[in-house]
Amino acid sequence: MKKTLTALAAGAFVAGLGLASTAFAQDYPTKPITVVVPFSAGGPTDTVARLVAEVMSADLGQQVVIQNVGGAGGTLGAGQVATAPNDGYTLLLHHIGMSTAPSLYRSLPYDPTTDFEPIGLITSVPMTLVARKDFEPSTLSELLEYIKANGENITYAHAGIGSASQLCGMLLMNALDTQMTTVPYQGAGPAMTDIIGGQIDMICDQTTNTTSQIQAGEVKAYAVTTPDRLSNLPDLPTTAEGGLELEIGVWHGLYAPAGTDAAIIARLEAALQAALANETVVSRFAELGTVPVSADEATPAALTETLTSQIALWKGVIEAAGVFAE
Ligand code: ASP
């Protein structure tokens, strides 16, 4: 009898908790939300995050604050969110690196498929091959010959193992069967500063970071990594036009820690969709060479599907390249 009463009391307590959690989710958000960007401020992922966060903030009626946690190719920031409280107030905006890190790192302190609740895809950003403006080669074919001839005398910047710039550089070096000297940064923002300053030779980086520098003549641009030319950089040839087999689009997603209440995820999904349909976001993205995904892709299901298929795709490529970090 005593046992039954205890069980009943426990049941009532659990039911009470359930009600409290539903009420909590209905009120959400009641305070500012932090979105961790796992790279430095001023870089391409940061640019996407700040544009989207501004509209999400208006939609949610609470501040959405960006926190830059650069280092280890995005894995430090992602690891921080994996262990954050799953109350909807700490989120992660990460890119393709979410799918490459499991193959690149021998010991990754989180599992991208089980430690997060996907909220939705955001956009896929083309990459561009750019160099300091006084770098010797002038065209893509000259660049490819120059890399083959000068190899490790060339410095190639990237945002750490697991970043998109490292991935693109790895594909480039594999395609040419030539190694360059790689220089890691905490994000492509500071890497770009050093390319403009002439301390580093080149990088492959997202158009969200390179477009304005290319248009201002601050860097020399050689190619874009999409099958078609871009309307915002119409003179830039595609990698395929130059005979280089290197095609990549850097997709981005928004995540919460695993176990976040489904009602909170649904609220964030709606705010993300509102942001991606916003005219300012759409036109700024267009200026930067990209388009937001459609509403049916800014969903947990679409991000889960992309993450799973990209983990499988990059596993084969990375294992074949033999690149690993500890
Ligand atoms: N997205 C960049 C990269 O992966 C890093 C950054 O956003 O700063 O290279």
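Rules of the game
- Residues numbered from 1 in each chain as written.
- Predicted model: local features only at pLDDT ≥ 70, side-chain atom pairs only at ≥ 80, totals over all residues.
- Heavy atoms only, no water.
- Helix = DSSP H or I, 4+ residues; strand = E, 2+ residues; numbered from the N terminus.
- Expected span 1.5 Å × (residues − 1).
- Buried < 20%, exposed > 50% of the residue type's maximum accessible area, 1.4 Å probe, protein only.
- Axes fitted to C-alpha atoms, helices over the stretch in contact; angles between N-to-C directions.
- Parallel < 35°, antiparallel > 145°, perpendicular 65-115°, else oblique.
- Left-handed = near helix turned anticlockwise from the far one by under 90°.
- Contact = heavy atoms within 4.5 Å.
- Nonpolar A, V, L, I, M, F, W, Y, C, P; charged D, E, K, R; others polar.
- Pairing = 2+ DSSP bridges.
- Right-handed = clockwise from strand over helix to strand, strands pointing away.
- Near = heavy atom within 4 Å.
- Polar contact = N/O pair within 3.5 Å; in protein donor to acceptor, adjacent residues only side chain to side chain.
- Core = buried A, V, L, I, M, F, W, Y, C linked by side-chain atoms within 4.5 Å.
- Phe/Tyr/Trp six-rings, centres within 6.5 Å; stacked < 30°, edge-to-face > 60°.
- Lys NZ or Arg CZ within 6 Å of the ring centre and 35° of its normal.

In this section: helix α2 (residues 44-60). Residues lying three or four places apart along an α-helix face the same way, a consequence of the helix completing one turn every 3.6 residues. Compared with an ideal rise of 1.5 Å per residue, which puts 17 residues at 24 Å, α2 spans 24 Å between its outermost C-alpha atoms and is within 8% of the ideal. Counting buried positions along α2 gives 12 out of 17 residues, so the element sits mostly inside the fold. Within the span of α2, buried status applies to Pro44, Thr45, Asp46, Val48, Ala49, Leu51, Val52, Ala53, Val55, Met56, Ser57 and Leu60. Looking one or two residues beyond α2, the residue adopting positive phi is Gly61, at roughly 70°.

Packed helix pairs are specified by the crossing angle of their axes together with the interaxial distance, meaning the distance between the axes. Two elements in contact, helix α4 (residues 97-104) and helix α11 (residues 300-321), have axes whose closest approach is 8 Å; the angle formed by their N-to-C orientations is 45°. One finds that α4 runs oblique with respect to α11. When you trace α4 past α11, the crossing you get is right-handed. Facing α4, whose interface residues are Met98, Ser99, Thr100, Ser103 and Leu104, α11 presents Leu307, Gln310, Ile311, Trp314, Lys315 and Ile318. When its residues are assigned to classes, the contact of α4 with α11 shows six nonpolar, four polar and one charged.

Here we come to the pairing of strand β5 (residues 155-158). In terms of strand pairing, β5 meets strand β6 (residues 181-184) through four bridges, oriented parallel. The partner of His158 across the bridge, within β6, is Pro184. Handedness of the crossover joining β5 and β6 through helix α6 (residues 164-176) is recorded here as right-handed.

Right, let's get into the site of the ligand. Every residue lining the ligand is accounted for by Phe39, Pro44, Thr45, His95, Ala159, Ser163, Ala164, Ser165, Gly187, Ala188 and Gln206. At 2.6 Å from an oxygen atom of the ligand is found a main-chain nitrogen or oxygen belonging to Ala164. Within the side chain of Ser165, an N or O atom sits 2.4 Å from an oxygen atom of the ligand. Among the elements of the structure, α2 and α6 are those that each provide at least two residues to the shell around the ligand. Among the residues forming the shell around the ligand, the class breakdown is five nonpolar, six polar and no charged.

Within the fold, Pro257 resides in strand β9 (residues 249-257). Note on Pro257: relative accessible area 1%, which makes it buried. It is 31 Å that separates the C-alpha atoms of Pro257 and Val183, two residues lying 74 residues apart in sequence. Those residues in contact with Pro257 that lie beyond four places of it in its chain are Val81, Ala84, Pro85, Asn86, Thr90, Asp115, Phe116 and Glu117.

It is worth spelling out α11 at this point. For α11, which comprises 22 residues, the first-to-last C-alpha distance of 31 Å matches the rise-based estimate of 32 Å (1.5 Å per residue) to within 8%. Looking at the buried residues of α11, the elements they touch are α4, β4 (116-132), α6 and β9. Backbone geometry just downstream of α11 places Gly322 in the positive-phi region, at approximately 70°.

Among the structural elements, Ser99 can be located in helix α4. According to the relative accessible area criterion, Ser99 is buried, its value standing at 0%. From its side chain, Ser99 meets the backbone oxygen of Ile96 in a polar contact 2.7 Å long. In this structure, Ser99 is in contact with Trp251, Leu307, Gln310, Ile311 and Trp314, ignoring residues within four places of it in sequence.

This part covers the nonpolar core. Met56, Leu129, Leu172 and Met202 are the most contacted members of the largest nonpolar core, which has 85 residues in total. Residue contacts for Met56: discarding those within four places in its chain leaves Val64, Leu254, Leu268, Ala271, Leu272 and Ala275. Membership of the second largest hydrophobic core comes to 15 residues, among which are Ala157, Ile195, Ile200 and Ile203.

Time to look at the packing of aromatic side chains. Counted according to the given criterion, the structure contains four aromatic pairs. Measuring from ring centre to ring centre gives 5.2 Å for Phe135 and Tyr146, while their planes differ by 75°; the resulting arrangement is edge-to-face. Remark: Tyr146 occurs in helix α5 (residues 140-150) and Phe135 occurs in the loop between β4 and α5; sequence separation between them is 11 residues. Members of the aromatic cluster, connected to one another through ring pairs, are Tyr110, Phe116 and Tyr255. Across from the ring centre of Tyr89, 4.7 Å away, lies the NZ or CZ of Lys31, which sits over that ring.

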